[in-house]
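Notes for the structure review
One-letter residues, chain by chain:
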Amino acid sequence: MTPRILVLGGTAEARALAQELGAAGVAVVSSLAGRVARPRLPTGEVRIGGFGGPQGLERWLVEHAIGAVVDATHPFAERISVSAAQATNSAGLPLLRLERPGWEAGAGDCWYWVDDLPQAAAALRGLGADRVLLTTGRQGLAAFAHDDVRWFLIRCVDPPDVALPARHEVLLERGPYTLEGELALIDAHCIDVVVTKDSGGRLTEAKLHAARHRGLPVVVVRRPPRQGVPTVRTVAEAAAWAWRQPPG
Ligand code: NAP
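Since this is a predicted model, take the numbers as computed values, not measurements. (Residues numbered from 1 in each chain as written. Predicted model: local features only at pLDDT ≥ 70, side-chain atom pairs only at ≥ 80, totals over all residues. Heavy atoms only, no water.)

**Considerations on the site of the ligand**
Here is the rule we go by: Here a residue is near a molecule or strand as soon as one of its heavy atoms is found within 4 Å of it. Pairs of N or O atoms are called polar contacts if they sit within 3.5 Å, as long as, within protein, a hydrogen donor faces a hydrogen acceptor (for residues adjacent in sequence, only side-chain-to-side-chain pairs). Note on areas: these come from Shrake-Rupley sampling with a 1.4 Å probe, and a residue is covered only by the protein chains present in the view. Under the DSSP-based scheme used, a helix requires at least four consecutive residues in state H or I and a strand at least two consecutive residues in state E, with every element numbered from the N terminus.
The full set close to the ligand counts 21 residues, and Ser-31, Arg-35, Phe-51, Gly-52 and Arg-79 are the nearest of them. At 3.1 Å from an oxygen atom of the ligand is found a side-chain nitrogen or oxygen belonging to Gln-139. When the ligand is considered free in solution it has 810 Å² of accessible area, and contact with the protein chains removes 82% of it. Listing elements by their share of the shell around the ligand, those giving two or more residues are β2 (28-32) and α3 (79-91).

Following this line, the structure appears as structure tokens:
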């Protein structure tokens, strides 16, 4: 018998973990931020919305008799992970980070690594490209707002609500994407550079293969550094960890 597990989600891995643990009879609550209008819901019990910072999360953990937490949020979701570390530390609960591996360039790739979105915007200026496929999500788009030289195809799940570059088109779409689809998109819009975060995972990697096929440069934003939390890369490892937790 394992304790009740909170899975902090918003990723395919979090959904897979909730499914696997639920099917094995583990009591799981999945948590989503509520940022996306129509989120893909995990199976089992789900709660939606912020906790109100680390103290709010700590209160919630105690009130809901949670015995262990898996932080399976996106590699670029930083604040919720800090909250999870502080709240579990204060509440004396075990915490595991589930984070999918990042992408790695292969033969024929031409990637430019940068630390953040403002650096990505600066890198575009140096590359001399004109038509950008921008796939970094709707948060942080303001970093590109002052670029009135290039044309941007901005692909995101929900409409952006920040200032955008003067010359752009918004494409509202959610993965998974295919190589054929990404090649067609690149060709139809005469894209000559791709910008992405190092999100990792299979669902959105087709753009990288398509860029390689077309010989396009890719500007890749590095993941923010994380420290101090035991981390696994796969859903199977996270499920095994959950099984090892002593009953509350
Ligand atoms: P963030 O900056 O770390 O989080 C901002 C605030 O949103 C947190 O302080 C927390 O509010 C709330 N929050 C975030 N994740 C939550 C969760 N799973 N359950 C409950 N509350 C949550 O995160 P973000 O970058 O805005 O991402 C929001 C969510 O979208 C994450 O869950 C992430 O897994 C998912 N996502 C993010 C990206 C990305 O590129 N950042 C991409 C795909 C999916 P309180 O402080 O009030 O608790």
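**A word on the domain arrangement of the protein**
What counts is decided by this rule: Start and end positions for the domains come from either an automated domain assignment or a database one. Throughout, a residue-residue contact means that at least one pair of heavy atoms, one from each residue, lies within 4.5 Å. Here the quantity called buried area is the accessible surface, traced with a 1.4 Å probe, that two parts lose on coming together, added over both. Throughout this entry, Asp, Glu, Lys and Arg are counted as charged residues, while Ala, Val, Leu, Ile, Met, Phe, Trp, Tyr, Cys and Pro are counted as nonpolar. The remaining residues, Gly among them, count as polar.
Structurally, the protein comprises domain 1 (5-101 + 225-244) and domain 2 (110-221). Each of domain 1 and domain 2 has a C-alpha centre, and the two are 29 Å apart. In this complex, domain 1 contributes 12 residues to the contact, which on the side of domain 2 involves 14 residues. Summed over the three residues of domain 1 that lose the most area to domain 2, namely Arg-35, Arg-40 and Phe-76, the buried surface amounts to 51% of that side. If you look at where domain 1 meets domain 2, you find seven residue pairs in polar contact (both at pLDDT 80 or more). In terms of residue class, the side of domain 1 that touches domain 2 is built from seven nonpolar, one polar and four charged.

**Focus on the nonpolar core**
As a reminder, the rule being used: By nonpolar core is meant a set of buried Ala, Val, Leu, Ile, Met, Phe, Trp, Tyr and Cys residues that side-chain atoms within 4.5 Å join together. For the exposure calls, accessible area comes from a 1.4 Å probe over protein chains only, and a residue counts as buried if that area is under 20% of its type's maximum, exposed if over 50%, partly exposed in between.
Counting residues in each nonpolar core, the largest one holds 19 residues, and the members touching the most others are Ile-5, Val-7, Leu-17, Leu-21, Val-70 and Leu-98. Only β1 (5-8), α1 (12-23), β4 (68-71), β5 (95-98) and α7 (235-244) provide two or more residues apiece to this core. The leading source of residues in this core is α7, at five residues. What Val-7 contacts, discounting residues up to four positions off in sequence, is Ala-14, Leu-17, Val-28, Val-29, Ser-30, Ser-31, Val-70 and Ala-72. Of all hydrophobic cores here, the second largest spans 18 residues; its members include Val-114, Phe-152, Val-193 and Val-219.

**Some words on the packing of aromatic side chains**
What characterises a pair of aromatic rings is the spacing of the ring centres plus the angle enclosed by the ring planes. Convention followed: When two rings of Phe, Tyr or Trp (its six-membered ring) have centres within 6.5 Å they constitute a pair, described as stacked for plane angles under 30 degrees, edge-to-face for angles over 60, and tilted for the intermediate range. In this scheme, the term charge over a ring applies when either NZ of a lysine or CZ of an arginine sits within 6 Å of the ring centre and within 35 degrees of the ring normal.
Scanning the model with the defined rule gives three aromatic pairs in all. A cation sits over an aromatic face here: Arg-47 above Phe-51, 3.9 Å from the ring centre. Its guanidinium or amino end placed over the ring of Trp-151, Arg-131 lies 4.1 Å from that ring's centre, counting from NZ or CZ.

**Looking at helix α5 (residues 179-188)**
The criterion, for reference: Picture the helix axis, draw a direction to every C-beta atom, and the arc is the one those directions span.
All of the buried residues along α5 are Glu-182, Leu-183, Leu-185 and Ile-186. Buried residues of α5 fall within an arc of 160° about the axis and therefore sit on the same side. The exposed set on the far side of α5, more than 90 degrees from its buried face, consists of Glu-180 and Ala-188. Looking one or two residues past α5, Cys-190 carries a phi angle of roughly 50°, positive in sign.

**Concerning the packing of α5 against helix α6 (residues 206-214)**
The criterion, for reference: Interaxial angles span 0 to 180 degrees and are taken between N-to-C directions of axes, which are lines fitted to C-alpha atoms, for helices over the stretch in contact. The cut-offs work like this: below 35 degrees is roughly parallel, past 145 is roughly antiparallel, 65 to 115 is roughly perpendicular, and the gaps in between are oblique. Throughout, a crossing is termed right-handed when the near helix is turned clockwise from the far one, and left-handed when it is turned anticlockwise from it by less than a right angle.
At a minimum axis distance of 8 Å, the contact between α5 and α6 shows a crossing angle of 55°. The orientation of α5 with respect to α6, classified from their angle, is oblique. Considering the relative orientation of α5 and α6, their crossing is right-handed. Contacts between α5 and α6 involve Leu-179, Glu-182, Leu-183, Ile-186 and Asp-187 from the former and Ala-206, Lys-207, His-209, Ala-210, Ala-211, His-213 and Arg-214 from the latter. Taken together, the residues of the contact of α5 with α6 sort by class into six nonpolar, two polar and four charged.

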